Amino acid sequence: MRKPFIAGNWKMNLDRAGAVALAKELAAAVPADGPVQVAICPPAVYLDAVREAIAGSAVELGAQNMYHEASGAFTGETSAAMLQDVGCQWVILGHSERRHVLGETDADINRKVHAALAAGLPPIVCVGETLDEREAGRTQEVVRSQCDGSLAGLTEEQMAKVVIAYEPVWAIGTGKVATPAQAEEVHNDLRKYFENRYNHALAEGVRIQYGGSVKPDNAKELLSQPNIDGALVGGAALKADSFLGIIAGA
Ligand code: 13P
């Protein structure tokens, strides 16, 4: 059984007081040992404050990005060990905004995935096609190629620690959610990909989140699809009631 996993990607939003207040509200509301695993991924500068706000609760902490080197002259960057030092249990890698706005390639993401796993920090690795790619009928090819590139060289043991987030770029922040059938088709294909590349047991165990305009009113139907194991939530994760509504939907 794959435990549903709902993660909130706060992106570059909120201020320190707002981040701490939201974290405290979630920490108070998410039950320990509940049926849904919950993580929040605040901006890097607020990780430490949010860690304190959720201490002792069931809410887990994740970062939105990291660099693949362990330390050294890499101005502005943050290592996996630094994220762990401030309490991170997860790191989002290869988000579409990092791919399309910040120019990250599959090779960059692959280096980060290896560094995160080597440090013992499990990554949530994002894949997803643009609208042009979908309209050209290239969704499967694009998503599989992103997996080939960003997950290159992972052993079965390493892959078992990775969470995948399928986030169609056209659905992110647009209010245009993929239909449950559209999302399920890609999730099902991803599971086949992992079965071919590794084996049945690995493929059955890998958790694949959906991301892109997930809201309380569409979460339940999306999450009831057999191959959708959770959600990576942007806008709706910035308010406690809507994020908790999505968790309830799971
Ligand atoms: P929205 O939920 O705002 O569409 O963002 C999705 C996302 O990019 C999560 O990583």
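You'll find the protein chain entered in an unreviewed UniProt entry as Triosephosphate isomerase, with Lignipirellula cremea given as the organism. UniProt lists a comment for the protein chain under the heading Sequence similarities (unreviewed entry), and it reads "Belongs to the triosephosphate isomerase family." Per UniProt, the protein chain carries the Catalytic activity (unreviewed entry) text "D-glyceraldehyde 3-phosphate = dihydroxyacetone phosphate".

> What am I meant to see in the site of the ligand here?
Taken together, 13 residues surround the ligand, and among them Lys11, His95, Gly173, Ser213 and Gly235 come closest. Separating an oxygen atom of the ligand from a side-chain N or O atom of Lys11 is a distance of 2.8 Å. Protein chains shield 97% of the accessible area of the ligand, which is 310 Å² for the free molecule. Split into classes, the residues belonging to the shell around the ligand amount to four nonpolar, seven polar and two charged.

> Help me understand the environment of Ala28, please; the structure alone is not making it clear to me.
Looking at the element boundaries, Ala28 is found in helix 1 (residues 16-29). In this structure Ala28 comes out as exposed when scored by relative accessible area, which is 69%.

> Please clarify how the pairing of strand 8 (residues 230-233) should be interpreted in this entry.
Along any regular strand the residues' side chains alternate between the sheet's two faces. Burial along strand 8 is two-sided: the residues Gly230 and Leu232 and Ala231 and Val233 are all buried. Bridge count between strand 1 (residues 5-9) and strand 8: four bridges; the pairing is parallel. Within strand 8, the position partnered with Gly8 by the bridge is Val233. As paired elements, strand 7 (residues 208-211) and strand 8 share two bridges and run parallel to each other. Across the sheet, Tyr210 pairs through a bridge with Ala231, a residue of strand 8. As a crossover connection, the stretch from strand 7 through helix 11 (residues 216-223) into strand 8 is right-handed.

> When you look at the sheet that holds strand 7 in this model, what are you seeing that I'm missing?
Each strand in a sheet pairs with its neighbour through backbone hydrogen bonds, running either in the same direction (parallel) or in the opposite one (antiparallel). Strand order in the closed barrel made by the eight strands is 1-2-3-4-5-6-7-8, with parallel pairing throughout. For this sheet, the mean angle separating the axes of adjacent strands, direction not counted, is 25 degrees. Both strand 5 (residues 123-127) and strand 6 (residues 163-166) contribute to a ladder of four bridges, which runs parallel. Residue pairing across strands places Cys126 opposite Ala165, the latter belonging to strand 6.

> Just checking my understanding: could you explain the pairing of strand 7 for this structure?
Burial of the side chains of strand 7 extends over both faces: Ile208 and Tyr210 are buried on one face and Gln209 and Gly211 on the other. Across three bridges, strand 6 lies against strand 7 in parallel orientation. Along strand 7, the bridge assignment pairs Ala165 with Gln209.

> Sorry if this is basic, but what is going on with the environment of Val86 here?
Mapping Val86 onto the fold places it in the loop between helix 3 (80-85) and strand 4 (90-93). In this structure the C-alpha to C-alpha distance between Val86 and Pro226, which are 140 residues apart in sequence, comes to 35 Å.

> Can you help me understand the packing of aromatic side chains in this one?
How two aromatic rings sit relative to each other is set out by the distance from centre to centre and by the angle between their planes. All told, the structure shown has four aromatic pairs when counted by the stated rule. Their ring planes at 40 degrees and their centres at 4.7 Å tell us that Phe5 and Trp90 sit as a pair that is tilted. Of this pair, Phe5 sits in strand 1 while Trp90 sits in strand 4; the two residues are 85 residues apart in sequence, bridging distant segments of the chain. The residues Phe5 and Trp90 share a single accessibility class, namely buried. With 5.2 Å between their ring centres and 45 degrees between their planes, Tyr67 and Phe74 make a pair best called tilted. The exposure class assigned to Tyr67 is partly exposed, which follows from its relative accessible area of 22%.

Analysis parameters
- Residues take numbers from 1 onward in each chain, read along the sequence in its written order.
- Reporting in this predicted model follows two pLDDT cut-offs: at least 70 for local features of residues, and 80 or more for side-chain atom pairs to be given and counted; totals over whole chains, interfaces and linings ignore these cut-offs and use all residues.
- To get the side-chain values, all heavy atoms of the structure are used, and hydrogens and water are removed first.
- UniProt positions are given in the numbering used here, feature names are shortened, and annotations may be inferred rather than shown by experiment.
- Think of it this way: one heavy atom of a residue within 4 Å of a molecule or strand is enough to make that residue near it.
- N or O atoms closer than or at 3.5 Å make up a polar contact, with two conditions inside protein: a donor-capable atom paired with an acceptor-capable one, and, for residues adjacent in sequence, both atoms drawn from side chains.
- For the area figures, the Shrake-Rupley method with a 1.4 Å probe applies, and any residue is considered shielded solely by the protein chains shown.
- All residues other than Ala, Val, Leu, Ile, Met, Phe, Trp, Tyr, Cys, Pro, Asp, Glu, Lys and Arg, Gly among them, are scored as polar; the first ten of these are nonpolar and the last four charged.
- By the criteria applied, helices consist of DSSP H or I runs no shorter than four residues and strands consist of E runs no shorter than two, each listed in order from the N terminus.
- Only protein chains enter the calculation, and the probe is 1.4 Å; a residue is then buried if its accessible area is under 20% of its type maximum, exposed if over 50%, and partly exposed in between.
- If DSSP finds at least two bridges between two strands, the strands pair.
- With the strands pointing away from the viewer, any crossover whose connection runs clockwise from the first strand over the helix to the second is right-handed.
- Axis definition: a line fit to C-alpha positions, over the contact stretch in the case of helices; interaxial angles, taken between N-to-C directions, run 0 to 180 degrees.
- Between 30 and 60 degrees the pair is tilted, below 30 it is stacked and above 60 it is edge-to-face, where a pair is any two Phe, Tyr or Trp rings, Trp via its six-membered ring, whose centres lie within 6.5 Å.

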